[in-house]
Each structure stands twice: as C-alpha cells, then as structure tokens.
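Read off the chains here:
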Amino acid sequence: MPGPEVLLYGLPLAFLAGFIDAVAGGGGTITLPTLFFMGLSPAQTVATNKLLAIFGSGSATVQYWRKGHVDRALVLRMIPLALVGSALGAFLVRFVDPDAFRTLVGVVILGVGALVLANKRFGLEDRYPGLTARTLALTLPGALIIGMYDGFLGPGTGTFLMFLFALVGFNLVRASGNARTINFATNLGAFLFFLIGGQMVWWIGLPMGVANALGATLGARMAMLRGSGFVKVMYGVIVVLVAARLLTQ
C-alpha cells in the first residue's frame, strides 16, 4: 500500500483532470493511470477513480446547472436509460473481453473528433430545436448505448456524450453541461456498485476527489466564460489523448 507522499503528485493531477473533464471530458485519462502508478491494484484503481469522479462531475454539474447550461427536460429523460446502459455494460464485461474493442473505440473517437473539428461551425452556435421527435430519437438510444459503453469500458464517455448533444443542436458549452450531468449520474451509479465491493482507498480518493472538484469548478467556469470556441479546442486535445490511451493500452 502506498504512503501519503503519493498525494504530492496525486492532488495536482486530480485538479488538472477535473479542469479538463469539466470542459471537454476525458479526465479519466489522467486519474486512472495516476492511481495505478500510486501502487493501487487494478480493482482499487477503478473503484477509487469512481469515488473522485463523482466529486468532479458533481461539481461541474452544479456550475453548469446554476447558469442554465443544462436542459433539464432532456437530461432527466436520458439519465434512467444511461443508468440502465451502465449496469448492462458492467454485466457484459464479465463475458466479453474489453481489449477486443479498445482499438475500434479509439478509431471511432478519432473519427468523431475529426468530424467536429473539420466542420468549422459545428457546436459554435446553439440551434437546439427542443424535445422534437428527432431529438428524442437520437438522444434516448444514444444515452442507453453510451451508458453501456461507460459501464463496459469507460474512457471517452464524456467525449461521446458531448458529440451527441452537439449533434442535436446544442453549442459546445451547453453540450458540455448536459454531458457532465449524464456523466455524474452514471458515475454515481458505478460508485454505489463499487462501494459494495469494498475496493475503494478512501484516504486517497477523498482528498483527490476534493482536488478534482476544485479543478472541475474552475474548468466549468472557464468554459462558460470563454465560450464554445475554447471548448472546441479543448475537445480536440481530449479526443487525441483518449484515443492514444485506448490505442496504446
């Protein structure tokens, strides 16, 4: 078991991860390898990461929610499906080897990022039409599928959610707010699942969770202050980081 000195680098990295995740998702690409490098077992790493993730995603959700960047009517319809999908994904991982899908998902994320960045206007203007049949036809199955991916594999969940929300017309700031809200719900569901397993290292997860929440608060405020152009640049960076992690793991 590691000693308290690991927090000397764990806390600033958790803060950075929270900042990045609140803007464009992908904070797990920093926190997961950090926790593993600290000397935690794979099971402890995954469980403890969910502990600190609920701090960060919860903090970001509060910031976006308070400023009106979350479409409550839509996300409240999506959350139950995302939770069902997450539970189903966690169940399926017992029967299917996730490694077989890492390369495929990495390529898909790069493709999604290329589409976002190649279209200069994509996500920069808010053109959300409301709860139309097209909106629900895209977002409800999307919540189930992305939730399943989150329970099954995980990295890039926020990236996929942001793309889904931008696809139905949200600008990237509102897409990020909606994505963080869904991600908080799935993180909370996973946290409760891992809580039963007793693998969380609380003395690491709690202080890193606070640092993650502080970073997420700053990141969400920065995204709302700087606007969708800033979020789009960060999104491109995160796409590359997530894809690199999946393709090289």
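How each quantity is defined
Residues numbered from 1 in each chain as written. Predicted model: local features only at pLDDT ≥ 70, side-chain atom pairs only at ≥ 80, totals over all residues. Heavy atoms only, no water. UniProt positions renumbered as here; feature names shortened; annotations may be inferred. Axes fitted to C-alpha atoms, helices over the stretch in contact; angles between N-to-C directions. Helix = DSSP H or I, 4+ residues; strand = E, 2+ residues; numbered from the N terminus. Parallel < 35°, antiparallel > 145°, perpendicular 65-115°, else oblique. Left-handed = near helix turned anticlockwise from the far one by under 90°. Contact = heavy atoms within 4.5 Å. Nonpolar A, V, L, I, M, F, W, Y, C, P; charged D, E, K, R; others polar. Buried < 20%, exposed > 50% of the residue type's maximum accessible area, 1.4 Å probe, protein only. Phe/Tyr/Trp six-rings, centres within 6.5 Å; stacked < 30°, edge-to-face > 60°. Salt bridge = Lys/Arg side-chain N within 4 Å of Asp/Glu carboxyl O.

As annotated in an unreviewed UniProt entry, the protein carries the name Probable membrane transporter protein and comes from Deinococcus budaensis. Heading Sequence similarities (unreviewed entry) of the UniProt record for the protein holds this comment: "Belongs to the 4-toluene sulfonate uptake permease (TSUP) (TC 2.A.102) family."

> Can you walk me through the packing of helix α7 (residues 157-167) against helix α10 (residues 228-248) in this structure?
Each packed pair of helices is defined by two parameters, the angle between the axes and the distance between the axes. Interaxial distance between α7 and α10 falls to 10 Å at its minimum, and their mutual angle equals 140°. On the basis of the axis angle, α7 is oblique to α10. Considering the relative orientation of α7 and α10, their crossing is left-handed. Judged by residue contacts, Thr159, Met162 and Phe163 of α7 engage Val231, Tyr235, Ile238, Val239 and Val242 from α10. Looking at the contact of α7 with α10 residue by residue, the class counts come to 7 nonpolar, 1 polar and no charged.

> Explanation requested: the side chain of Asn183 in the structure shown.
When you line up the elements, Asn183 lands in helix α8 (residues 172-197). Taking relative accessible area as the criterion, Asn183 reaches 7% and is therefore assigned buried. Apart from residues no more than four positions distant in its own chain, Asn183 is found in contact with Ser57, Asp150, Thr157, Gly158 and Leu161.

> Explain the packing of aromatic side chains here, please?
Describing an aromatic ring pair means giving the distance of the ring centres and the angle of the ring planes. Scanning the entire structure with this criterion turns up 7 aromatic pairs. Summarising the aromatic geometry, the rings of Tyr149 and Phe160 are spaced 5.7 Å apart at their centres and angled 90° between planes, so their arrangement reads as edge-to-face. Of this pair, Tyr149 sits in helix α6 (residues 133-152) while Phe160 sits in helix α7, placing them 11 residues apart in sequence. For Phe160, a relative accessible area of 16% gives the class buried. Aromatic side chains Phe193 and Phe194 sit 5.5 Å apart centroid to centroid with 75° between the ring planes, which places their arrangement in the edge-to-face category. An aromatic cluster is built from Tyr128, Phe165 and Phe170, whose rings are joined through pairwise contacts.

> It is not clear to me how the environment of Thr61 should be interpreted in this structure. Could you clarify?
Tracing the sequence through the fold places Thr61 in helix α3 (residues 42-66). Remark: the alpha-carbon pair of Thr61 and Thr139, spanning 78 residues in sequence, is separated by 19 Å.

> Quick question: what am I supposed to make of the pattern of salt bridges here?
Side-chain pairs of opposite charge can arise where the charged atoms are in close proximity. The tally for this structure, following the rule as stated, stands at 5 salt bridges. Close ionic contact of Arg121 with Glu125 constitutes a salt bridge, the shortest N to O distance being 2.9 Å. On the accessibility criterion, Arg121 (46% relative accessible area) is partly exposed. With a relative accessible area of 34%, Glu125 lands in the partly exposed category. The partner of Arg174 in a salt bridge is Asp126, and the shortest N-O contact between them spans 2.8 Å. Within this pair, whereas Arg174 is found in helix α8, its partner Asp126 is found in the loop between α5 (99-118) and α6, the two being separated by 48 residues in sequence. For Arg174, a relative accessible area of 17% puts it in the buried group. It is possible to trace a salt-bridge network through shared partners that takes in Asp71, Asp126 and Arg174.

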